[in-house]
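Descriptive structure summary
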Amino acid sequence: MKDFQKIICRAEMKVSVTECLQKYVSTTTSNNSINSAHHIIGTYLENRDKSMLYDLSKSDSLWERRIAIMSTFYFIKKSRFSYTLHIAEQLLSDQEDLIHKAVGWMLREVGKRDLASFHP
């Protein structure tokens, strides 16, 4: 998360960055907000444990599952594909069309950068 985002988040909510992220996840219900998750969640998780992504990908909430896969775009841009591929596999049997679209989008982004990721 960029410094200005931390400052705005803390100033508006007077909470820790972690609480701010939890608030973002629990209140985000639009594609436009979720499609930018990589800027917020991905950046925050750069040097932190990624278990939050896996927890979100197992959520009952469509929006939280979509946030999980969309957040991996941050790592795709850094040629780190394992998070995307693992979460995509977890979401393979998801019934929601919006999840299929998000997973397909992220897999296309991986493929643009490294087709070898799809072949053993």
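A few points on the structure. (Residues numbered from 1 in each chain as written. Predicted model: local features only at pLDDT ≥ 70, side-chain atom pairs only at ≥ 80, totals over all residues. Heavy atoms only, no water.)

Describing the overall build of the protein chain
What counts, and what does not: Labels follow the DSSP assignment, with helices taken as runs of H or I lasting at least four residues and strands as runs of E lasting at least two, numbered in each case from the N terminus. Here's how the labels work: a residue is buried when its accessible area is under 20% of the maximum for its type, exposed when over 50%, partly exposed in between, all with a 1.4 Å probe on protein chains only. Should any heavy atoms of two residues lie within 4.5 Å, those residues are counted as being in contact. Reported accessibility uses the Shrake-Rupley method at a 1.4 Å probe radius. Residues are deemed covered only where the shown protein chains occlude them.
When helices and strands are counted, the protein chain shows nine helices and zero strands. Evaluated residue by residue, the protein chain yields a buried proportion of 41% over its 120 residues. Nonlocal contacts in the protein chain, meaning residues at least 24 apart in sequence, comprise 62% of its contacts between residues at least 6 apart. Summed over all atoms, the accessible surface of the protein chain reaches about 6,800 Å², with 52% contributed by carbon and sulfur.

Points about helix α8 (residues 82–90)
Residues three or four positions apart in an α-helix share a direction because the helix packs 3.6 residues into each turn. As a reminder of what qualifies: Our arc is simply the arc of the directions from the helix axis toward the C-beta atoms.
Three or more residues of α8 are buried, namely Y83, T84, I87 and A88. One side of α8 holds all its buried residues, which, seen down the axis, span an arc of 125 degrees. Elements that come into contact with the buried residues of α8 comprise α5 (51–57), α6 (62–71), α7 (73–76) and α9 (97–113).

Things to note about unusual backbone geometry
Despite not being glycine, S79 has its phi angle at roughly 60 degrees, a positive value. Topologically, S79 is positioned in the loop between α7 and α8.

Regarding the side chain of S71
Where we set the bar: Pairs of N or O atoms are called polar contacts if they sit within 3.5 Å, as long as, within protein, a hydrogen donor faces a hydrogen acceptor (for residues adjacent in sequence, only side-chain-to-side-chain pairs).
Structurally, S71 can be placed in helix α6. Within the local environment of S71, its side chain forms a polar contact with the backbone oxygen of I67, the two atoms lying 2.7 Å apart.

Some words on the packing of α8 against α9
What counts, and what does not: Lines are fitted to the C-alpha atoms to define the axes, a helix being fitted only along its stretch in contact, and any angle between axes, read from their N-to-C directions, falls within 0 to 180 degrees. What makes a crossing left-handed is the near helix being turned counterclockwise from the far one by less than a right angle; a clockwise turn instead makes it right-handed. Gly counts as polar in this scheme, as do all residues outside two lists: the nonpolar Ala, Val, Leu, Ile, Met, Phe, Trp, Tyr, Cys and Pro, and the charged Asp, Glu, Lys and Arg.
Between α8 and α9, the shortest axis-to-axis distance is 10 Å and the interhelical angle comes to 145 degrees. Two packed elements cross with a definite hand, and for α8 against α9 that hand is left-handed. Along its contact with α8, which presents T84, L85 and A88, the element α9 presents V103, M106, L107 and V110. A class-by-class count of the residues in the contact of α8 with α9 yields six nonpolar, one polar and no charged.

Comments concerning the pattern of salt bridges
Here is the rule we go by: Only one rule defines a salt bridge in this text: a Lys or Arg side-chain nitrogen within 4 Å of an Asp or Glu carboxyl oxygen.
Applying the stated criterion across every chain yields a total of five salt bridges. Linking E46 and R80 is a salt bridge whose minimum nitrogen-to-oxygen distance equals 3.0 Å. Here R80 lies in the loop between α7 and α8 and E46 lies in the loop between α4 (37–45) and α5, a separation of 34 residues in the sequence. Taking the relative accessible area as the measure of exposure, R80 reaches 25% and is therefore partly exposed.

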